[in-house]
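# Per-entry structural report
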Amino acid sequence: PKEDQSFIYDKKPDWLQKLNHMGRSAGLEYAKNNAEVNDWVASQWEKRKNGIFIYVYGKPLYIPGKFWFFLDWYTIKGQTPDFWYVDLEYFLWYEFCILRKSSVFGGIEMAKRRDGKSYRAACLMLEYVSRQWEVLAGILSKNGGDAQEVFLRGIVMPWRKLPFCFAPKFDNKTV
């Protein structure tokens, strides 16, 4: 029924926490040798790269991969974000007006304070740097302390909660 149609977060398998504690390399090695884990990891990457289609109150919606990542794997102050249409519109704008146009190098978002702009931007940066090889990314703010706070709250803390299959390689020296 239409009334029951909403965004449903992916159920996290019981074995995921165990693999996350094993570390990235050991978890990936285990996943290679276990068909169930391998299929789950492949399904997560498929959703992250290509997005999903769902029905919400009888209307078909495309959820871009970056928004799916935001909803299912990103955390804001330790909590999973709620599905909001304003966030969906932002990620659709980003997907189709920024990423898919080679002549566009970014955008300016005009919105009131406390609207989640910093977290959405930080999630996009985390999604990008955790998917690419040897990339650089940065944050600008009115002062270094604010930029450092956004980096810690918006990138470092959510990064630590990523599953083994999304966590980037790192050397433990800088974070």
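Above this note sits the structure.
Here goes a summary of the coordinates provided.

Conventions we followed
- Residues numbered from 1 in each chain as written.
- Predicted model: local features only at pLDDT ≥ 70, side-chain atom pairs only at ≥ 80, totals over all residues.
- Heavy atoms only, no water.
- Helix = DSSP H or I, 4+ residues; strand = E, 2+ residues; numbered from the N terminus.
- Expected span 1.5 Å × (residues − 1).
- Buried < 20%, exposed > 50% of the residue type's maximum accessible area, 1.4 Å probe, protein only.
- Arc of directions from axis to C-beta.
- Contact = heavy atoms within 4.5 Å.
- Salt bridge = Lys/Arg side-chain N within 4 Å of Asp/Glu carboxyl O.
- Pairing = 2+ DSSP bridges.
- Axes fitted to C-alpha atoms, helices over the stretch in contact; angles between N-to-C directions.
- Parallel < 35°, antiparallel > 145°, perpendicular 65-115°, else oblique.
- Nonpolar A, V, L, I, M, F, W, Y, C, P; charged D, E, K, R; others polar.

Right, let's talk about helix H3 (residues 35-50) for a bit. Across its 16 residues, H3 extends 22 Å between first and last C-alpha, which sits within 8% of the 22 Å expected from 1.5 Å per residue. When H3 is considered as a whole, its buried residues turn out to be Val-37, Trp-40, Val-41, Gln-44 and Arg-48. Each buried residue of H3 lies within a common arc of 100 degrees when the element is viewed along its axis, so the set occupies one face. Looking at H3, the residues exposed on the side facing more than 90 degrees away from the buried face are Ala-35, Asp-39 and Lys-49. Buried residues in H3 make contact with helix H1 (16-22), helix H2 (24-32), helix H4 (65-72) and helix H6 (117-129). Gly-51 occupies a position one or two residues after H3 and carries a positive phi of about 80 degrees.

Here Thr-75 lies in the loop between H4 and helix H5 (85-99). Since its relative accessible area comes to 9%, Thr-75 is described here as buried. If we ignore the near neighbours within four places in the chain, the residues touching Thr-75 are Met-157, Pro-158 and Lys-161.

Compared with the 18 Å implied by 1.5 Å per residue over 13 residues, the 18 Å span of H6 between its first and last C-alpha is a close match. Those residues of H6 that sit buried are Tyr-119, Arg-120, Ala-122, Cys-123, Leu-124, Met-125, Leu-126 and Glu-127. The inward-facing, buried residues of H6 contact H3, H4, H5 and helix H7 (144-160).

Moving on, we come to the pattern of salt bridges. Under the criterion given, the structure shown has 10 salt bridges. Between Asp-10 and Lys-47 there is a salt bridge whose closest N-O contact spans 2.8 Å. With a gap of 37 residues between them, Asp-10 in the segment before H1 and Lys-47 in helix H3 connect regions that are remote in the sequence. Judged by relative accessible area, which is 21%, Lys-47 ranks as partly exposed. The shortest N-O distance in the salt bridge between Asp-87 and Arg-120 comes to 2.7 Å. With Asp-87 in helix H5 and Arg-120 in helix H6, the pair connects residues that are 33 residues apart, well separated along the chain. Classification of Asp-87 by relative accessible area gives buried; the value is 8%.

Let's shift gears to the pairing of strand E1 (residues 52-56). Only one face of E1 is covered, namely the face carrying Ile-52, Ile-54 and Val-56; the face carrying Phe-53 and Tyr-55 is uncovered. The sheet contact formed by E1 and strand E2 (residues 59-63) spans five bridges and is antiparallel. What sits directly across from Tyr-55, in E2, is Pro-60. Linkage of E1 to E2, two consecutive antiparallel strands, is achieved through a turn of two residues, within which Tyr-57 is found at a positive phi near 50 degrees.

Let us look at unusual backbone geometry. Of note in this structure, Lys-77 is not a glycine but carries a positive phi near 55 degrees. As for its placement among the helices and strands, Lys-77 is situated in the loop between H4 and H5. Look at Glu-134: it is not a glycine, yet its phi comes out positive at around 50 degrees. By secondary structure assignment, the location of Glu-134 is in the loop between H6 and H7. Take Glu-134: its relative accessible area is 70%, and that puts it in the exposed class.

Let's shift gears to the packing of H3 against H4. Look at H3 against H4: their axes get within 5 Å of each other, and the N-to-C directions meet at 125 degrees. With respect to H4, the element H3 is oriented oblique. Facing H3, whose interface residues are Gln-44, Lys-47, Arg-48 and Asn-50, H4 presents Gly-65, Lys-66, Trp-68 and Phe-69. A class-by-class count of the residues in the contact of H3 with H4 yields two nonpolar, three polar and three charged.

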